[in-house]
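The chain contents come next:
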Amino acid sequence: MEVVLQEARFVTKGVAVCSFLFLAASLLFDFFSLPLLWGAVLGGVYAVANFLLIGYSVQESLTKTPEKAKGYMSRQYYLRLALTALVLFLAIQVDFINPWGVIPALFYPKISIYARSVYQYATRDR
């Protein structure tokens, strides 16, 4: 579980950096609003929580037989998918949250992980 928490700390920092850059760009292009800020906060928090859920699911599945692990991971996937749909639904329905702040934040963990991979590849010993 320590590896999951270590990766989650990295992803949390990456989500914070991406959110800051997104909000700075929205300010620069006169798109910033309080609902956009709340959307970015909701999306960022959910993106990190979703990442933690994935990590927990993988750790838990390793303690099961292959058949049970497959079913468990499938159920966990649909649970995360339903939670994502709920977050997006709330972002669309609630007036003080702009969904355009939530949607990009869902991609920030992937962006962070890819950016780290590119950095590690570029700075490796040749």
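Scroll up to find the structure this text is about.
Predicted model only: the values in this text are computed from it and were never measured. (Residues numbered from 1 in each chain as written. Predicted model: local features only at pLDDT ≥ 70, side-chain atom pairs only at ≥ 80, totals over all residues. Heavy atoms only, no water.)

Visitor: Help me out: how do you make sense of the layout of surface pockets in this one?
Guide: The space that makes up the largest pocket amounts to roughly 370 Å³. Lining the largest pocket are 13 residues, with Asn50, Ile54, Thr84, Leu106 and Lys110 positioned closest to its centre. Residue assignment for the lining of the largest pocket shows that the elements contributing at least two residues are helix 2 (34-61), helix 3 (66-93) and helix 5 (108-122). Examining the composition of the lining of the largest pocket, we find that five residues originate from one element, helix 2, more than from any other. (1 Å grid on protein atoms, 1.4 Å probe; cavity = no way out; pocket = protein on both sides within 12 Å on 5 of 7 lines; lining within 4 Å. Points joined across faces, edges and corners; volume = space filled by probe spheres on them. Helix = DSSP H or I, 4+ residues; strand = E, 2+ residues; numbered from the N terminus.)

Visitor: Just to check I follow, could you spell out the pattern of salt bridges for this structure?
Guide: Inspection of every chain in the model, using the stated rule, returns three salt bridges. Measuring nitrogen to oxygen at the nearest pair gives 3.2 Å for the salt bridge that ties Glu2 to Arg9. Using a relative accessible area of 51% as the deciding quantity, one classes Glu2 as exposed. (Salt bridge = Lys/Arg side-chain N within 4 Å of Asp/Glu carboxyl O. Buried < 20%, exposed > 50% of the residue type's maximum accessible area, 1.4 Å probe, protein only.)

Visitor: Before we go on, may I ask you to explain a nonpolar patch on the surface in this structure?
Guide: On the surface, a nonpolar cluster with roughly 520 Å² of combined accessible area is contributed by Phe31, Trp100, Ile103, Phe107 and Ile111. Mapped onto the elements of the fold, Trp100 is located in helix 4 (residues 99-105). (Patch = residues over 30% accessible without salt bridge, like charges linked within 9 Å, V, L, I, M, F, W, Y side chains within 5 Å. Areas by Shrake-Rupley, 256 points an atom, 1.4 Å probe, with all protein chains shown as cover.)

Visitor: What is the right way to read unusual backbone geometry from this model?
Guide: Among all residues save glycine, negative phi is the norm, and among peptide bonds the norm is trans. Of note in this structure, Asp30 is not a glycine but carries a positive phi near 60 degrees. With respect to the element layout, Asp30 can be found in the loop between helix 1 (2-28) and helix 2. By relative accessible area, which is 73% here, Asp30 ends up exposed.

Visitor: Explanation requested: the packing of helix 1 against helix 2 in the structure shown.
Guide: Packed helices, taken two at a time, are described by their axes: the angle between them and the distance between them. Relative to each other, helix 1 and helix 2 sit at 160 degrees, their axes nearing to 10 Å. Judged by the angle between their axes, helix 1 and helix 2 are roughly antiparallel. Remark: the crossing between helix 1 and helix 2 carries right-handed chirality. Mapping the contact onto sequence places Val4, Leu5, Glu7, Ala8, Val11, Thr12, Val15, Ser19, Phe22, Leu23 and Ser26 in helix 1 and Leu36, Leu37, Ala40, Gly44, Val48, Phe51, Leu52, Gly55, Tyr56 and Gln59 in helix 2. (Axes fitted to C-alpha atoms, helices over the stretch in contact; angles between N-to-C directions. Parallel < 35°, antiparallel > 145°, perpendicular 65-115°, else oblique. Left-handed = near helix turned anticlockwise from the far one by under 90°. Contact = heavy atoms within 4.5 Å.)

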